[in-house]
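Observations on the three-dimensional arrangement
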Amino acid sequence: MYFYITGACPGWCCKSNVTASDKCSKSPRQTSVQNSEKSYNYGYSLLAGSAIDSLERANRGGFYLNYDIFDSYLLRPVAHGYAALPVFVQDGVGNFLTNIDDVTSTVDNIFVLRFKDSLTSLSRVLINSTIGIGGLFDVAGSFGIERKPMSMATVFGIWGQQQGPYLMIPVYGPTTGRALQGNTIDSAPFFFTPWYVNAVHFALSGIHARAALIEQEGLVDNAIDPYVQTRDFYLMYQQGQVNKAMGIDAPVLKEENLDDEFLDEIDG
């Protein structure tokens, strides 16, 4: 549900947003040398992580439904109402959702042989699920046990899989072939829970993430082409997550009007 994502991309050259073998040009359309030579782009311009927007017409339709209708008339008002709740309530929801993410991080870190990070994530889950009353309080964080987030989409990126086709799915939001596969695997535990539990988790995640972006609403509202900026920034950030996990020494894509919380919320 994180379709409200944008960022001005006026000609950066940021290595953190492309794979290690990518060239970095003055436009956000960084091209993978390997994929370009093998003509995997099928005539489309390669974007960050060698993604292609092969369904742009359909994606723009999805963006219209998400941004002009769903967000304007439902999600934005609800998010603003949620943001008016006491801070401790919002923190509790955020901690609860983070505790669930730590469960997947426990497993996903194993796939990239980060056993220490996996144990750290597991310890956070055990501490916060018990002493933290079901994850409502980040007791582990107060003990100095920092998060070691890892998603299956990032794991696939570390393994060398490119982002693939960019997709703007109504209500769900922006994603890619790689992210969709990874998120589906990470959501596997919810396949065995009642539908209403999944619905509540999906709604809470979307509202909490959307509320965190309220201060950034002007970025998309005032953009010349909100669709392009949303797409390019999403793809760049997702690939930046992979490069960060791989320890590629490169500056992080960032603008003065984009804060850390905004960047962190994108990976949902």
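Residues numbered from 1 in each chain as written. Predicted model: local features only at pLDDT ≥ 70, side-chain atom pairs only at ≥ 80, totals over all residues. Heavy atoms only, no water.

1. Considering helix 3 (residues 87–111)
- For helix 3, which comprises 25 residues, the first-to-last C-alpha distance of 36 Å matches the rise-based estimate of 36 Å (1.5 Å per residue) to within 8%.
- At Ser105, helix 3 shows its largest kink, close to 25°.
- Where helix 3 is concerned, the buried positions are Gln90, Gly92, Val93, Gly94, Leu97, Asn99, Asp102, Thr104, Ser105, Thr106, Asp108 and Asn109.
- Where the residues of helix 3 are buried, they touch helix 2 (56–83), helix 4 (115–130), helix 6 (152–158), helix 7 (177–186) and helix 8 (195–211).
- Of the residues trailing helix 3, Leu113 is marked for its positive phi of about 60°. (Helix = DSSP H or I, 4+ residues; strand = E, 2+ residues; numbered from the N terminus. Expected span 1.5 Å × (residues − 1). Bend = angle between axes of the 7 residues up to and from the residue. Buried < 20%, exposed > 50% of the residue type's maximum accessible area, 1.4 Å probe, protein only. Contact = heavy atoms within 4.5 Å.)

2. Thoughts on unusual backbone geometry
- At Leu113, a residue that is not glycine, the phi angle is positive and equals roughly 60°.
- Looking at the element boundaries, Leu113 is found in the loop between helix 3 and helix 4.
- Given a relative accessible area of 64%, Leu113 falls into the exposed group.
- Despite not being glycine, Ile133 shows a phi value in the positive range, around 55°.
- Examined against the element boundaries, Ile133 turns out to sit in the loop between helix 4 and helix 5 (139–142).

3. A look at the pairing of strand 1 (residues 166–169)
- Note that strand 1 and strand 2 (residues 173–176) share four bridges and pair antiparallel. In the strand pairing of strand 2, Ile169 is matched with Gly173.
- Hairpin connection of strand 1 to strand 2: three residues between the antiparallel strands, including Val171 at a positive phi of 70°. (Pairing = 2+ DSSP bridges.)

4. Brief notes about the nonpolar core
- Phe63, Tyr166, Tyr234 and Leu235 are the most contacted members of the largest nonpolar core, which has 14 residues in total.
- Breaking this core down by element, the ones donating at least two residues are helix 2, strand 1 and helix 10 (226–245).
- If one sorts the elements of this core by residue count, helix 10 sits on top with four residues. (Core = buried A, V, L, I, M, F, W, Y, C linked by side-chain atoms within 4.5 Å.)

5. Focus: the pattern of salt bridges
- This model, assessed by the stated rule, comprises 12 salt bridges.
- Glu56 is the partner of Arg60 in a salt bridge, and the nearest nitrogen-oxygen pair spans 2.9 Å. Highlighted residues: Arg60 and Glu56, both in helix 2, separated by four residues, approximately one helical turn.
- Of the charged contacts in the structure, one is a salt bridge between Arg76 and Asp221, with a shortest N-O distance of 3.2 Å. (Salt bridge = Lys/Arg side-chain N within 4 Å of Asp/Glu carboxyl O.)

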